[in-house]
Amino acid sequence: HSCPPCSCRVLSKKVEIPPRGIDPTVEPQTCDVQSLPACFEELNATSAEARQRAWFGSGLEEVVTKFDDATRARPTCADRRVILLGDSHSRMRTDQMWRLFHRRIIQLSRNRPEWTGSVSDEMVRLLDEVLCDGDILATSLASSLYDKSLFANIIEPSIQVAKRKSARVIFWPDNLSLSAPAFKCVGQDLPTSCGKSHSKVREEVEELQGTVEKYQNDTDVLIFHDLDHLCRDGFCDIYIPGTRTIAIGDMDHHTRMFEHFLQPFLCDSLLSAGFI
């Protein structure tokens, strides 16, 4: 029998905010649990392997079309795609989007210093050309780098393009920005000096949250809050709660392990919203 959508296989029972996983050692084998992806695999932050794997990255070059390639060769609409719009905070979602949708990923992204007026206009214009009915537009902003003009000049027009093209939108509005790079705090007792109080983080993301509130009840826009799965007991820290697995790789980029951990939760949200 097939397992329920968004199911994953429990390997670690340490996480404080567990996904809706299936534990093959406890629950009856009503489906092929061993074929499911792991919900979360712990990787101790003090190991050399953790340092090598912490930074987000992708081995998916064969299914990724980058910004410059998209400007030279317009992708066709024969297959539905996921378009990641933004900067490195959107690119860090590449692996997760592939695992959830198994669609070609188009990275319409530039590093933040390149977000000049002309590049902003080009990104929106290009999105208008490549976005097709049934595509997913996904965009993530770091709240520490948020400004109203960026939202008004790129994100807002892009959401309107998506709605006009009958595409759907995933938006992550509350990316955590640490007090110091995460690896400076590895080995410290909790809470570490890199983390922040949840109240402080709420203050930092308040303006961006307010900007996206207008889409809260829009059935074509899914707003997913990463902080719901990172902040515990009034504090947002460098680790996935309950573990010593690094969630933030530098100041404000998710590690691949944290993206992996978030996947079942995002999958449930996508399923409830009818995106998958």
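For the structure, see preceding data.
First things first, this report covers the structure right here in the doc. Residue positions are counted from 1 within each chain, in the order its sequence is given. Note on the predicted model: pLDDT of at least 70 is required for a residue's local features to be given, and 80 or more for side-chain atom pairs to be given and counted; whole-chain, interface and lining totals, by contrast, use all residues. With hydrogens and water set aside, each side-chain value is computed from the structure's full complement of heavy atoms.

**A closer look at the pairing of strand β5 (residues 168-175)**
To keep things clear, this is the line we draw: We call a residue buried when its accessible area falls under 20% of the maximum for its residue type, exposed when it is over 50%, and partly exposed in between, using a 1.4 Å probe and counting protein chains only. Under the scheme used here, helices are H or I runs from DSSP no shorter than 4 residues and strands are E runs no shorter than 2 residues, and both carry numbers assigned from the N terminus. Two strands are said to pair when DSSP picks up at least two bridges between them.
Burial analysis of β5 places seven of its eight residues in the buried class, which makes it a mostly covered element. The pairing of β5 with strand β7 (residues 221-223) spans three bridges and is classified as parallel. Looking at β7, one finds that F171 is bridged to I223.

**A short note on the state of the cysteines**
The condition is simple: The criterion for a disulfide is a pair of cysteine sulfur atoms lying within 2.5 Å.
Taken as a whole and assessed by the stated rule, the structure comprises five disulfides. With its sulfur 2.1 Å from that of its partner, C6 forms a disulfide with C267. Across the S-S bond of C6 and C267 the torsion is about -80°, and the bridge reads as left-handed. Taken together, the positions of C6 in the segment before α1 (48-54) and C267 in helix α8 (residues 256-272) put the pair 261 residues apart, joining distant regions of the chain. C267 carries the same exposure label as C6, and that label is buried.

**Here's the deal with the nonpolar core**
Test applied: By nonpolar core is meant a set of buried Ala, Val, Leu, Ile, Met, Phe, Trp, Tyr and Cys residues that side-chain atoms within 4.5 Å join together. What makes two residues a contact is simply this: any of their non-hydrogen atoms within 4.5 Å.
The biggest cluster of nonpolar side chains holds 44 residues, and the ones touching the most others in it are M97 and I170. Contributing elements (two or more residues each) for this core: β2 (81-86), α4 (94-101), β4 (136-142), β5, α7 (198-212) and α8. A per-element tally of this core places α8 first, with seven residues. Ignoring sequence-local partners within four residues, the contact set of M97 consists of V82, L84, H102, I105, A138, I170, W172 and L266. M123, L150, F151 and Y215 belong to the second largest nonpolar core, which has 27 residues in total.

**Quick look at the packing of aromatic side chains**
Our working rule: Between 30 and 60 degrees the pair is tilted, below 30 it is stacked and above 60 it is edge-to-face, where a pair is any two Phe, Tyr or Trp rings, Trp via its six-membered ring, whose centres lie within 6.5 Å.
Going through the model one piece at a time under the given rule, you end up with three aromatic pairs. When the ring of F40 is compared with that of F261, the centres are 5.7 Å apart and the planes differ by 75°; the resulting orientation is edge-to-face. Note that F40 is positioned in the segment before α1 and F261 in helix α8, a separation of 221 residues in sequence. Seen in terms of ring centroids, F258 and F261 are 6.2 Å apart; in terms of plane orientation they differ by 20°. Their pairing is stacked. Placement of the pair is F258 and F261 together in helix α8, with a separation of three residues, close to one helical turn. For the pair F258 and F261, one class covers both residues: buried.

**Here we look at the sheet that holds β5**
Let me state the cut-off plainly: Lines fitted to C-alpha atoms define the axes here, with helix axes fitted over just the stretch in contact, and angles between the N-to-C directions of these axes take values from 0 to 180 degrees.
In spatial order, the strands read β1-β3-β2-β4-β5-β7; together these six strands make up an open sheet with parallel pairing. Across the chains shown, the open sheet's two edge strands, defined by having one partner strand only, are β1 (64-66) and β7. The mean inter-strand angle of the sheet, taken between neighbouring strand axes irrespective of direction, is 20°.

**Notes on the pattern of salt bridges**
As a reminder of what qualifies: Here, a salt bridge means any Lys or Arg side-chain nitrogen found within 4 Å of an Asp or Glu carboxyl oxygen.
Tallying each qualifying case throughout the model produces eleven salt bridges. We note a salt bridge from R164 to D128, for which the minimum N-O separation is 3.3 Å. You can see R164 sitting in helix α6 (residues 148-164) and its partner D128 sitting in helix α5 (residues 117-130), a full 36 residues away along the chain. Taking the relative accessible area as the measure of exposure, D128 reaches 28% and is therefore partly exposed.

**Quick look at the environment of E207**
Here E207 is to be found in helix α7. Residues E207 and K148 lie 59 residues apart in sequence; the distance between their C-alpha atoms is 8.8 Å.

**With respect to the sheet that holds strand β6 (residues 196-197)**
Within the open sheet, the three strands sit side by side as β6-β9-β8. Their pairing is antiparallel. Taken across any chain shown, the strands that pair with only one partner, and hence form the sheet edges, are β6 and β8 (231-232).

**Describing the pairing of strand β3 (residues 104-109)**
Most of β3 is tucked away, with five of its six residues classed as buried. Note that β1 and β3 share three bridges and pair parallel. Residue pairing in the sheet places K66 in a bridge with Q107 of β3. Of the pairings in the sheet, the one linking β2 to β3 comprises six bridges and is parallel in character. In the sheet register, L84 faces β3, and the bridge partner there is Q107.

**Comments concerning the side chain of R9**
Here R9 shows up in the segment before α1. For R9, the residues in contact, after removing those within four places along its chain, are I22, P24, V33, Q34, L36, P37, A38 and C39.

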